[in-house]
Amino acid sequence: VKLVARYANINLRDREQELLALAEAAAREGGDDDLLAAVLCARGTNTLQLDVAAAREIAAEATTVFRKLAEPTAVARFQCLRMQIRHTEATHERDQAIAMLATALDDPQRSRHLTPFHRALLLIDLGLLHFNSGHFGESLRLLDEVISLLSSAGRGSTVTYMKMLSNKAVILAAVGEYRDALLLEEQVFARFAEANWGNRRTQLPQRINHASKLVLLSRAGEAVKLLLAAREEAQRQEHELFVGVADLWLASAYIQLGRFDAAQESVDSGRSVLTGSPGSWDFLVLQADAARASIARRQGRLDDARAIVNPLLDKLGYQAAAIE
């Protein structure tokens, strides 16, 4: 299971799934229910972005196996808690997921089973939940806690640490600190290069994040080149989520460049991918709809823009702000 986590960390999804299948077979053959629970819970989490129905079937068996354990190991507890949180969020019950995870981290009886590294990963999950809920201040606070925790544990030169810095850049961009976000992303890339970590495949999320900051700073021409390359890499990896995210940022870049047909094609492609994703990515669908409205407005199709914006405002709780 630890080796699986290593492959997940460097974005080698095919190898990650292959090792999980091997671990599951070994656990079943050896009658090791603790290992089986840990592996099934990991699969129930990882499969969620690929096939929601399959993930729910795996989660159901995982829960049954876990509940039979008299004294689960720390790994089984961690994997199954993480799966429970991810599935709760995927059903659009994000507030409940936040409460569940916060309780697990604060309750001495439950948190005593967590290793420092597992606690850091759960803090990352909690920060992501707050980010997806628009609680950017709390998300940033939790991320800084994770960064400090990793650094004090001697993990300040790891891939995970670099990913946390990249995530911090995403939050800074969300609150309008675009230049600081770009500077932080550039530091991450420099550290990757200095340490000779990974390649185009393993750095894919960071490359998309970097390009997104260029879009936000109105450097669309530079961003398009990076995003097209990242999208191609995501297709090679068969990582549909990253394809969709790259498409959304390509749409924003094309809008800046006045290439509205290309923008429409990109946003439609990205939205179709992300609409089928778990609830944790709802904010990206909202971003896609905002881009669709922007394209319509820039093309002078004001009625179309209103038809997109008004339901969007209603979804965000701004019923009184409907555009006439």
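Everything quoted here is computed from the prediction, not taken from an experiment.

Calculation rules
Residues numbered from 1 in each chain as written. Predicted model: local features only at pLDDT ≥ 70, side-chain atom pairs only at ≥ 80, totals over all residues. Heavy atoms only, no water. Helix = DSSP H or I, 4+ residues; strand = E, 2+ residues; numbered from the N terminus. Buried < 20%, exposed > 50% of the residue type's maximum accessible area, 1.4 Å probe, protein only. Areas by Shrake-Rupley, 256 points an atom, 1.4 Å probe, with all protein chains shown as cover. Expected span 1.5 Å × (residues − 1). Polar contact = N/O pair within 3.5 Å; in protein donor to acceptor, adjacent residues only side chain to side chain. Contact = heavy atoms within 4.5 Å. Phe/Tyr/Trp six-rings, centres within 6.5 Å; stacked < 30°, edge-to-face > 60°. 1 Å grid on protein atoms, 1.4 Å probe; cavity = no way out; pocket = protein on both sides within 12 Å on 5 of 7 lines; lining within 4 Å. Points joined across faces, edges and corners; volume = space filled by probe spheres on them. Nonpolar A, V, L, I, M, F, W, Y, C, P; charged D, E, K, R; others polar. Lys, Arg positive; Asp, Glu negative; His and termini not counted. Salt bridge = Lys/Arg side-chain N within 4 Å of Asp/Glu carboxyl O. Axes fitted to C-alpha atoms, helices over the stretch in contact; angles between N-to-C directions. Parallel < 35°, antiparallel > 145°, perpendicular 65-115°, else oblique. Left-handed = near helix turned anticlockwise from the far one by under 90°.

1. Quick notes on the overall build of the protein
- Assigned secondary structure in the protein consists of 17 helices and zero strands.
- In the protein, buried positions account for 48% of the 324 residues.
- Here the protein has roughly 15800 Å² of accessible surface; of this, 51% comes from carbon and sulfur atoms.

2. As for helix H10 (residues 159–174)
- Its 16 residues place the ends of H10 23 Å apart at the C-alpha level, agreeing with the 22 Å of an ideal helix rising 1.5 Å per residue.
- Counting buried positions along H10 gives twelve out of 16 residues, so the element sits mostly inside the fold.
- Of all the residues in H10, the buried ones are Val159, Thr160, Tyr161, Met162, Lys163, Met164, Leu165, Ser166, Ala169, Ile171, Leu172 and Ala173.
- Note on H10: the residue one or two positions beyond its end, Gly176, has a positive phi of about 90°.

3. Considering the environment of Thr275
- The topology assignment puts Thr275 in helix H15 (residues 260–275).
- Judged by its relative accessible area of 46%, Thr275 falls in the partly exposed class.
- Separated by 13 residues in the primary sequence, Thr275 and Ala288 have C-alpha atoms spaced 9.8 Å apart.
- There is a polar contact of 2.6 Å between the side chain of Thr275 and the backbone oxygen of Arg271.

4. With respect to the side chain of Asp247
- Mapped onto the secondary structure, Asp247 falls in helix H14 (residues 240–256).
- In this structure the side chain of Asp247 is engaged in a polar contact, spanning 2.8 Å, whose partner is the side chain of Ser269.
- Sequence-distant contacts of Asp247, that is, excluding residues within four places in its chain, are made with Arg231, Ser266, Val267, Ser269 and Gly270.

5. Description of the packing of aromatic side chains
- Per the stated rule, a full pass over the model turns up one aromatic pair.
- Summarising the aromatic geometry, the rings of Phe131 and Phe136 are spaced 5.2 Å apart at their centres and angled 55° between planes, so their arrangement reads as tilted.
- When its relative accessible area of 14% is taken as the criterion, Phe131 is described as buried.

6. Looking at the layout of surface pockets
- If you add up the space inside the second largest pocket, you get close to 410 Å³.
- Elements with a contribution of two residues or more to the lining of the second largest pocket: helix H4 (52–67), helix H5 (74–90) and helix H7 (108–111).
- A breakdown of the residues in the lining of the second largest pocket according to their chemical character gives nine nonpolar, five polar and three charged.

7. Let's talk about the side chain of Asp34
- For Asp34, the location among the structural elements is in helix H3 (residues 33–46).
- Despite its burial, Asp34 pairs with no opposite charge; the closest candidate is Arg77, at 7.5 Å N-O.
- Filtering out sequence-adjacent residues up to four positions away, Asp34 remains in contact with Leu69, Glu71, Pro72, Thr73 and Ala76.

8. A closer look at the packing of H3 against H5
- Running from N to C, H3 and H5 cross one another at 30°; their axes reach a closest spacing of 8 Å. Considered as vectors, H3 and H5 are oriented roughly parallel to each other. Our pair here, H3 against H5, has a crossing hand that is left-handed. Of the residues in H5, those in contact with Asp34, Ala37, Ala38, Leu40, Cys41, Ala42, Gly44 and Thr45 of H3 are Val75, Ala76, Gln79, Cys80, Arg82, Met83, Arg86 and His87.
- When grouped by side-chain class, the residues that make up the contact of H3 with H5 number nine nonpolar, four polar and three charged.

9. Considerations on unusual backbone geometry
- For Ser218, which is not glycine, the phi dihedral falls at a positive 60°.
- Inspection of the secondary structure puts Ser218 in the loop between helix H12 (204–216) and helix H13 (220–237).
- The phi dihedral of Glu238 falls on the positive side, at around 60°, and the residue is not glycine.
- Mapping Glu238 onto the fold places it in the loop between H13 and H14.

10. Let's talk about the pattern of salt bridges
- Within the structure shown, the criterion is met by 19 salt bridges.
- Arg82 is paired through a salt bridge with Asp125; the nearest N and O atoms lie 2.7 Å apart. Of this pair, Arg82 sits in helix H5 while Asp125 sits in helix H8 (residues 116–132), and the two are 43 residues apart along the sequence. Grouping residues by exposure puts Arg82 and Asp125 together as buried.
- Note that Asp289 and Arg271 form a salt bridge whose closest N and O atoms lie 2.6 Å from each other. Pair noted here: Asp289 is in helix H16 (residues 282–298) and Arg271 is in helix H15, with a separation of 18 residues, a long-range link.
- A network of salt bridges, in which partner residues are shared, links Glu24, Arg28, Arg43 and Glu61.

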